[in-house]
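So you can see what is in the structure, the chains are spelled out below.
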Amino acid sequence: MAKPIYILNGPNLNLLGKRQPEIYGSATLDDVMAAAAKTGAEVGLKVKPLQSNHEGELVGWIHEAREKAAGIVINPGAYSHTSIAILDALNAFDGPVIEVHISNIHKRESFRHHSYVSLRADGVIAGCGTEGYGLALRRLATLLA
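Since we're looking at a predicted model, the values are computed, not measured.

The rules behind these values
- Residues numbered from 1 in each chain as written.
- Predicted model: local features only at pLDDT ≥ 70, side-chain atom pairs only at ≥ 80, totals over all residues.
- Heavy atoms only, no water.
- Buried < 20%, exposed > 50% of the residue type's maximum accessible area, 1.4 Å probe, protein only.
- Helix = DSSP H or I, 4+ residues; strand = E, 2+ residues; numbered from the N terminus.
- Pairing = 2+ DSSP bridges.
- Polar contact = N/O pair within 3.5 Å; in protein donor to acceptor, adjacent residues only side chain to side chain.
- Contact = heavy atoms within 4.5 Å.
- Expected span 1.5 Å × (residues − 1).
- Arc of directions from axis to C-beta.

Visitor: When you look at the pairing of strand E4 (residues 97–101) in this model, what are you seeing that I'm missing?
Guide: In regular strands, side chains alternate between the two faces of the sheet. When you tally the buried positions in E4, you get five out of five residues, the bulk of the element. Of the two faces of E4, the one carrying Val-97, Glu-99 and His-101 and the one carrying Ile-98 and Val-100 are both buried. Alignment of strand E3 (residues 71–75) against E4, held across three bridges, turns out to be parallel. Residue Ile-72 lies in a different strand from E4, and its bridge partner there is Val-97. Judged from the four bridges that link them, E4 and strand E5 (residues 123–126) form a sheet pairing that is parallel. Bridging across to E5, Glu-99 finds its partner in Val-124.

The following block contains the structure:
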C-alpha cells in the first residue's frame, strides 16, 4: 500500500465531544478519526491520525511526513492563527496539504480569520463540521491520483 495520509490535530482537539459541543459537535476525536479511516479506505487511502497539544510535536510529525506520508490533513486548532513554525514545516513538505476547521473560522472572532497554514494549504475546508475530514481525504485522493 502507498504511503499513508497523516491527519494532524492540534491543541484541544482531544476534547472533542466535551468542549463547546454547540460549536464542535458531540463526536469524540476517536469517533471522528474512525470515520476518517472509513472514508480513507473508501477512496483507497490509509490514514495515520495524530493529535498533540504541543506545537513542537506537530512540527516533528510534519518533518516525519516528508519521508513517510503521501499527504497531510491538518487541523492545527489555534496554531492556525499563530504558528509560523508549523507553516515553515509544511513548506518543507512536498506532498499535498489540506487544512480543516470544524467551525467556520470566518464567522468567529476576528483573530481567527487569518491562518498561517492557509498560505501553504492546497485546500481549506471550514465550517463543515467533522465531515470536513472526509471531504479533505476525498480531495487528497483526487490530488494524488
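Visitor: Help me understand the side chain of Ser-80, please; the structure alone is not making it clear to me.
Guide: Along the chain, the position of Ser-80 falls in the loop between E3 and helix H4 (84–91). Ser-80 sits in the buried class, given a relative accessible area of 0%. Separated by 2.7 Å, the side chain of Ser-80 and the backbone oxygen of Gly-77 make a polar contact. If we ignore the near neighbours within four places in the chain, the residues touching Ser-80 are Glu-99, His-101, His-114, Ser-115, Tyr-116 and Val-117.

Visitor: Explain helix H3 (residues 55–68) to me, please; I cannot follow it from the model alone.
Guide: In an α-helix, one turn spans 3.6 residues, which is why side chains three or four residues apart end up on the same side. Relative to the 20 Å expected for 14 residues at 1.5 Å per residue, H3 spans 20 Å between its end C-alpha atoms, a close match to the ideal helical length. For H3, the complete set of buried residues consists of Leu-58, Val-59, Trp-61, Ile-62 and Ala-65. In an axial view of H3, the angular spread of the buried residues amounts to 160°, which keeps them on one side of the axis. Along H3, the residues that are exposed and aim more than 90 degrees away from the buried face are Gly-56 and Glu-67. Packing partners of the buried residues in H3 comprise strand E1 (5–9), strand E2 (47–51), E3 and H4.

Just geometry here; none of it tells us what the structure is for.
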